[in-house]
Every structure is written in C-alpha cells, then in structure tokens.
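Listed below are the residues making up each chain.
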Amino acid sequence: MLGMDPSFPTWALLGLQLIGLCTVVLARLPIPHRLGLYAFLGCMLLLGAVTFITFTAGHGGWAACGTVFGVMVVGAIFDGSPSTATAGI
C-alpha cells in the first residue's frame, strides 16, 4: 500500500468506516434490535460530521468517509425483495 499515511487519524477514520458498515448489517437484520438501530444512527451522524470536518481540514480521507456514508444510506434504504407490479402501470 504505497502512499498510505500510517498516522493515527487515518487508522481512526478506517476504523470508524468499518464500524459504520457493520452497523448497516446490524440495522438490516430481519429482526432489528434497538441497539443496532441506535448504533447505525450514531455512526451515520458521526461519519457525516467526520466527513465534513476532514473536508474542511483538507485531509484526504474525506472522499472515503463520504463514500462510506453514501453506502450506509443506500444500505439502510435498499429493499432487495422482489417488487409487486403496480396496477395500471
């Protein structure tokens, strides 16, 4: 991994992103628990704030944080079940 900055903020961002993706899985369980939903919302809010902070600070991790934030949003609202045809369309 050439060019990777081994500093603490970079690893902290990576950890936050991985935790955020794990909370998407917890929130999408067939029987979601409140803890999973609250963890997802908390991680989403925190990742949104970190994305804004890293962007304004000029850190290169803002793009990865924004991408994971987008994946979390899509993962939360995506419904993979087959849709039923709407009458008249």
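Residues numbered from 1 in each chain as written. Predicted model: local features only at pLDDT ≥ 70, side-chain atom pairs only at ≥ 80, totals over all residues. Heavy atoms only, no water.

### So, the overall build of the chain
Threshold: The way it works is that DSSP assigns letters per residue, a run of H or I at least four long becomes a helix, a run of E at least two long becomes a strand, and they are numbered from the N terminus.
A tally of helices and strands in the chain yields 3 helices and 0 strands. Each helix and strand of the chain, placed in order from N terminus to C terminus, yields the pattern α-α-α.

### Digging into the nonpolar core
Counted only if it meets this: Here, nonpolar core means buried Ala, Val, Leu, Ile, Met, Phe, Trp, Tyr and Cys residues that are tied together by side-chain atoms lying within 4.5 Å of each other. Three exposure classes are used, based on accessible area relative to the maximum for each residue type with a 1.4 Å probe and protein chains only: buried under 20%, partly exposed in between, and exposed over 50%. Pairs of residues are marked as contacts when any of their non-hydrogen atoms sit within 4.5 Å.
By size, the foremost hydrophobic cluster in this structure holds 11 residues: Leu-13, Leu-16, Val-24, Ala-27, Phe-40, Cys-43, Leu-47, Val-50, Cys-65, Val-68 and Met-72. Counting residues per element, the ones that place at least two in this core are helix 1 (8-27), helix 2 (34-57) and helix 3 (62-77). Excluding residues within four positions of it along the chain, Cys-65 makes contact with Leu-13, Gln-17, Leu-47, Val-50 and Thr-51.

### Re the confidence of the model for the chain
The following threshold applies: Note: pLDDT gives the predictor's confidence per residue, expressed from 0 to 100.
Per-residue confidence for the chain gives a mean pLDDT of 82, with 84% of residues at or over 70. Looking over the chain, one finds the lowest element-wise mean pLDDT in helix 1, namely 86, and the highest in helix 2, namely 90.

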